[in-house]
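Below are the chains, spelled out letter by letter.
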Amino acid sequence: MLRQVSFAVQRGELMALVGESGCGKTLTALAILGLAPRAANVRGDISLAGVGDLQALGERARRRIRGRRVAMIFQEPMSALNPVLSLGRQIGENLRRERRLSRREVRRESRRLLELVAMPDADRRLRCYPHQLSGGQLQRAMIAMALASEPELLLADEPTTALDVTVQAQVIELLLSLRRRLGLTVLLITHDLGVVAQSCDRVVVMYAGQVVEEAPVGELFEQPAHPYTRALLASVPRLDGSRSKAEGIAGRVPVPGDLPSGCVFHPRCDSVIESCRASAPELVVIGSGNDTENGHSSRCFLSKPGAGDPG
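Treat the numbers as computed from the prediction; the structure is a model and nothing was measured. The residue numbers shown here count from 1 along each chain, following its written sequence. Given that the model is predicted, a residue must reach a pLDDT of at least 70 before its local features are reported, and side-chain atom pairs must reach 80 or more before they are shown or counted; all residues, however, enter totals for whole chains, interfaces and linings. Processing note: side-chain calculations cover all non-hydrogen atoms of the structure and skip hydrogens and water entirely.

Caption draft 1: Fine view of the layout of surface pockets. Using only the protein atoms, space was sampled on a 1 Å grid; points where a 1.4 Å probe fits but cannot get out form cavities, open sets with protein on both sides within 12 Å along at least five of seven lines form pockets, and lining residues are those with an atom within 4 Å of a point. Grid points are joined across faces, edges and corners, and a volume is the space filled by probe spheres set on the points. One number sums up the size of the second largest pocket: a volume of about 610 Å³. Around the second largest pocket, the lining is made up of 25 residues, and of these Gly 67, Asn 94, Arg 97, Glu 98 and Met 145 lie nearest the centre. Put simply, DSSP H or I for four residues or longer makes a helix, DSSP E for two residues or longer makes a strand, and each gets a number counted from the N terminus. When residues of the lining of the second largest pocket are traced back to their parent elements, those giving at least two are helix H2 (59-65), strand E4 (70-73), helix H4 (87-99) and helix H7 (135-147). Element by element, the count of residues in the lining of the second largest pocket is highest for H4, at five residues. Broken down by class, the residue content of the lining of the second largest pocket amounts to twelve nonpolar, five polar and eight charged. Three classes are used, and their members are as follows: Ala, Val, Leu, Ile, Met, Phe, Trp, Tyr, Cys and Pro are nonpolar, Asp, Glu, Lys and Arg are charged, and the others, Gly among them, are polar.

Right, here's the structure in full:
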């Protein structure tokens, strides 16, 4: 269940969406595409440059945007790809549907897309079936398919899950390279805070279906404002000697249908005050700036200047 989720991804930006499993990251991406389950009851405005509210469009109009202007790399490529169709057939279907290319053009463009994502021996891979490819090759194939219709916005849902460390680094470097070469805007859903620190421009932190903090990546890592963000960062061991042991976050993520009153994080928070139990804080810009799109914002009473009470 998503509530009060609001953020803007600027053209050419690489924004990270982070948080524990079940916090609503993937559901947010599916909502952008218009693929969220009906039970999610998505409301509000989802805007794309040059298009008004995507929520107000009919299904046919959404299909013209989905894939063509916004594409998604799904978390499990083996599940997302059709096991009984060759890679060339699957990329080709997308090209024929979205770009109306001839058979010869489809073959040439399919090979070019695989070469673009640094797939070795592209011609031979086009004849392969998903089970004949490694995890890294499957992910490259998914990226190639997502790029087939030349989208402006790429949603990458945990693109390095289940890959070894070396292949993870290669996939992230590929996304960064494609962003530079193609002018892509990327929303990266990830648990890997190391990847976020090294690769992203801005970070949105989600907890229990809400955005609890948003900031430029450097500022978030240096001056996290929300207690949940601080707890997330503390859960990652450091190699500089300042913290060699990961610190877990006490308690559990609340069940969507049984959220606590007030701030949803207060039962797990080590900085809780009486206000946290009584009412829910708003997402507010903190610091000296007032730019809600490029500044630093936090959903915490203690983030406000002079905040705090004796409770």
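Caption draft 2: The pairing of strand E7 (residues 202-207), seen in detail. With six of six residues buried, E7 is to be regarded as a mostly interior element. Here's how the labels work: a residue is buried when its accessible area is under 20% of the maximum for its type, exposed when over 50%, partly exposed in between, all with a 1.4 Å probe on protein chains only. Of the two faces of E7, the one lined by Arg 202, Val 204 and Met 206 and the one lined by Val 203, Val 205 and Tyr 207 are each fully buried. Sheet topology places strand E1 (residues 14-18) next to E7; four bridges connect them, and they run parallel. Bridging from a neighbouring strand, Ala 16 pairs with Val 203 of E7. When DSSP finds two or more bridges between two strands, those strands count as paired.

Caption draft 3: Molecular detail of the environment of Gly 52. Relative to the helices and strands, Gly 52 is located in strand E3 (residues 51-53). Since its relative accessible area comes to 47%, Gly 52 is described here as partly exposed. Residue contacts are defined here by distance: any two heavy atoms, one from each residue, within 4.5 Å place the two residues in contact. If near-sequence neighbours (up to four positions away) are discounted, Gly 52 is found in contact with Ile 46 and Ser 47.

Caption draft 4: Focus on the side chain of Arg 66. For Arg 66, the location among the structural elements is in the loop between H2 and E4. Any pair of N or O atoms that falls within 3.5 Å is considered a polar contact. Within protein, one atom must be able to donate a hydrogen and the other to accept it, and sequence-neighbouring residues count only if both atoms are side-chain atoms. Side-chain polar atoms of Arg 66 contact the backbone oxygen of Leu 33, separated by 2.8 Å. Residues in contact with Arg 66, not counting those within four places in the same chain, are Leu 33, Gly 34, Leu 35, Glu 59 and Glu 98.

Caption draft 5: Local environment of the pattern of salt bridges. Any carboxyl oxygen of Asp or Glu that lies within 4 Å of a side-chain nitrogen of Lys or Arg is treated as forming a salt bridge with it. For the structure shown, the criterion picks out 15 salt bridges. Note that Arg 124 is salt-bridged to Asp 121, the shortest N-O span being 2.9 Å. Judged by relative accessible area, which is 38%, Arg 124 ranks as partly exposed. By relative accessible area, Asp 121 is classed as partly exposed at 43%. Linked by salt bridges that have partners in common, Arg 99, Glu 109, Arg 112 and Glu 150 make up one network.

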